[in-house]
Structures are given as structure tokens and as C-alpha cells.
Amino acid sequence: MTDQKTMLNTILKLALASLQEKFPNFVMDGIPEQLSGGFLNYVWRVQGRKGSDPESFIVKWTPAYIASAPDVPLDPARIFIEASAMSLFEKGEALEEISQNGIRPPRLYHLDKERQLLFMEDLGQSPNLGDWLQSPHTQLEAETIGRSLGEFIGALHRSEERR
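Residues numbered from 1 in each chain as written. Predicted model: local features only at pLDDT ≥ 70, side-chain atom pairs only at ≥ 80, totals over all residues. Heavy atoms only, no water.

Chemist: Talk me through the confidence of the model for the chain; I want residue IDs and the actual numbers.
Modeler: Confidence along the chain averages 86 in pLDDT terms, with 95% of residues attaining 70 or more. Across the chain, helix α2 (residues 78–87) holds the top mean pLDDT of 95, while helix α1 (residues 2–22) sits lowest at 81. (pLDDT = per-residue confidence, 0-100. Helix = DSSP H or I, 4+ residues; strand = E, 2+ residues; numbered from the N terminus.)

Quick look at the structure:
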């Protein structure tokens, strides 16, 4: 456990160095918070001081194994696929038009290919879909979210058909 903690601290230091290289005006406030819920990767929220742009980041690191099962190898190049997919939703890109109704992936800020680190938009304290589905909602809320999510997924599939 200590070896893993030391390794994660080293990766986090590399992530913060990469962050400063790419965003020299970003001033970190506090200690990065390791987020739970990830099975494949390690993920942290890095909060900036008031007035920082952006206000915070999500940093993701892909090890050469499954984060929740370190004895199971997994190609760390998966982060390049994720970054490529995220970039398709950016302004002027192929999937920009389907990012509507508040349903979209986080914005990609930076990919550090050498260190296999992904820096993305922090969407805040939003619940993940699994947690949201298990919490109580009115029928109208469920229908509204379900419709928006369904329209997004449908548009994503239709965009693939046009390619």
C-alpha cells in the first residue's frame, strides 16, 4: 500500500508540473482531491484559487493496469482514445452539433502524451448516472433527463451513420 501511495504521489507531482507547463497562470488552492468511483484510472480534482481560469481541473492518469485491480494489465494508451473522442465534441469538430440540452462530455483541456495524463473540465459535484438513477425523482424529471439522454445517444449513432 505504501508503494502505491508513493507512486500516486509521484504521478500527482508530474501532473501538477504538466499543469503548470500548460497553464502557467493557474494557481492551485489546497491539495488535489482523489475522486472515487473510477475503476480503470486514477482521477483527481485540482482546485484553483479564486479568479483562476479555469477554476478547477479534473486530472486523469492511466496506469498500465486496472487501477482497482493492479494485478490486471491494461494498455495505458486508452487515454489517447478517450482524448480523441472528447475532442470530437469541441467547437468546429465533427460532433459539436450533438452537444445539446446539457448532455455532453467534459471539455478536453490538455493531453500530456508523455505522462499519459488527461486534463479536462470539472463539471462540479454532479452525480454520476448510476447514482442519479437510484435516487428518487418525479416522473417529469425522469422523462426530461431520459429524453435528453436518449436524444444525445440517438444523435451520436446517427452521426456515425453519416460518416
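Chemist: How would you summarise the side chain of S56 if you had to cite specific residues and measurements?
Modeler: Along the chain, S56 turns up in strand β3 (residues 56–61). Polar side-chain contacts of S56 include one of 2.7 Å to the side chain of D122. Once residues lying within four places of it in the same chain are set aside, the contact partners of S56 are F26, V46, Q47, G48, Y109 and D122. (Polar contact = N/O pair within 3.5 Å; in protein donor to acceptor, adjacent residues only side chain to side chain. Contact = heavy atoms within 4.5 Å.)

Chemist: A description of the environment of R49 should follow, citing residues and the corresponding values.
Modeler: Considering the arrangement of structural elements, one finds R49 in the loop between β2 (42–47) and β3. We classify R49 as partly exposed; its relative accessible area is 48%. Along the primary structure R49 and G30 are separated by 19 residues, whereas in three dimensions their C-alpha atoms are 8.5 Å apart. Beyond its immediate sequence surroundings of up to four residues, R49 is in contact with V27, M28 and D29. (Buried < 20%, exposed > 50% of the residue type's maximum accessible area, 1.4 Å probe, protein only.)

Chemist: Tell me what's going on with the nonpolar core, and back it up with residues and numbers.
Modeler: Nonpolar side chains in soluble globular proteins generally cluster together in the buried interior. If you look at the biggest cluster of nonpolar residues, it comprises 17 residues, and the most contacted ones within it are W44, V59 and W61. Only α1, β2, β3 and β7 (117–121) provide two or more residues apiece to this core. By residue number, the principal contributor to this core is α1, which donates 5 residues. Not counting the four nearest positions on each side in its chain, W44 is found in contact with L8, I11, L12, P32, E33, Q34, L35, F57, I58, V59 and W61. A83, M86, L111 and L118 belong to the second largest nonpolar core, which has 8 residues in total. (Core = buried A, V, L, I, M, F, W, Y, C linked by side-chain atoms within 4.5 Å.)

Chemist: An account of the sheet that holds strand β6 (residues 108–112) is needed here, citing residue identities and associated values.
Modeler: The strand order β1-β2-β3-β7-β6 describes an open sheet built from 5 strands, whose pairing is antiparallel. Where the open sheet ends on each side, the last strands, each with one partner, are β1 (33–34) and β6. In the sheet, β2 pairs with β3 via 6 bridges, with the strands oriented antiparallel. Residue R45 lies in a different strand from β3, and its bridge partner there is I58. Across the face of the sheet, α2 comes into contact with β3, β6 and β7 while running at roughly 30 degrees to β7. (Pairing = 2+ DSSP bridges. Axes fitted to C-alpha atoms, helices over the stretch in contact; angles between N-to-C directions.)

Chemist: Kindly report on the environment of N41, identifying the contributing residues and their values.
Modeler: Tracing the backbone shows N41 in the loop between β1 and β2. On a C-alpha basis, the gap between N41 and S18 in space is 18 Å, while along the polypeptide they are 23 residues apart. Looking at N41, its side chain comes within polar contact range of the side chain of R78, at 3.0 Å.

Chemist: Can you break down the packing of aromatic side chains residue by residue, with the values?
Modeler: In this structure the tally under the stated criterion is 8 aromatic pairs. Each ring, one from Y42 and one from W44, has its centre 6.5 Å from the other, and the planes form 25 degrees; the classification is stacked. Exposure remark for Y42: the relative accessible area of 5% places this residue in the buried category. Through a chain of ring-to-ring contacts, three or more aromatic side chains come together here, namely F23, F26, F57, Y109 and F119. (Phe/Tyr/Trp six-rings, centres within 6.5 Å; stacked < 30°, edge-to-face > 60°.)

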